[in-house]
Amino acid sequence: METNIQFIQTSPEQLAKLISDGIKEQLEDFTKGISLPYQDVLMTRAQVCEFMQINSSTLWHWTNKGKVIAYGIANRRYYKKAELLECLKTLIKMA
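Residues numbered from 1 in each chain as written. Predicted model: local features only at pLDDT ≥ 70, side-chain atom pairs only at ≥ 80, totals over all residues. Heavy atoms only, no water.

Take unusual backbone geometry next. For Gln53, which is not a glycine, the phi torsion comes out positive at approximately 55°. Structurally, the position occupied by Gln53 is in the loop between α2 (45-52) and α3 (56-65). Among the residues examined, Gln53 registers a relative accessible area of 74% and is labelled exposed. The backbone of Ala74 sits at a positive phi, close to 55°, despite the residue not being glycine. Structurally, the position occupied by Ala74 is in the loop between β2 (71-73) and β3 (76-80). (Helix = DSSP H or I, 4+ residues; strand = E, 2+ residues; numbered from the N terminus. Buried < 20%, exposed > 50% of the residue type's maximum accessible area, 1.4 Å probe, protein only.)

This is how it looks when you write it as structure tokens:
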């Protein structure tokens, strides 16, 4: 069973604009609800080493040299995943 839809007094350009505006509106609504998965995620030293596939001594040296930023709470150190990814981007640009 076929269904035909007729648009009376609508030009193809008007129809294309209506469709385009509808898609833009839906995409805007969709992107408002999306957040990056690594925003403000704190990682422990062990998680960072596993994530970046480095040794803990390498992480210690990078932290002391200021290549990565560590945040402390009591005697524990944490790293922001977004900042680690930003450091990787910087290192790639230097190569």
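In this model, the protein carries a mean pLDDT of 84, and residues with pLDDT of at least 70 account for 84%. Per-element confidence in the protein is highest for α3, whose mean pLDDT is 95, and lowest for helix α4 (residues 81-94), whose mean pLDDT is 75. (pLDDT = per-residue confidence, 0-100.)

Attention now moves to the sheet that holds β2. The three strands lie next to each other as β1-β3-β2, forming an open sheet whose pairing is antiparallel. Each end of this open sheet is capped by a strand with a single partner; those strands are β1 (42-44) and β2. Across the sheet, the mean angle separating the axes of adjacent strands is 45° when strand polarity is ignored. Of the pairings in the sheet, the one linking β2 to β3 comprises three bridges and is antiparallel in character. By the bridge assignment, Tyr71 is partnered in β3 with Tyr78. Packing of α2 onto the sheet brings it into contact with β1 and β3, and relative to β1 it is tilted by some 95°. (Pairing = 2+ DSSP bridges. Axes fitted to C-alpha atoms, helices over the stretch in contact; angles between N-to-C directions. Contact = heavy atoms within 4.5 Å.)

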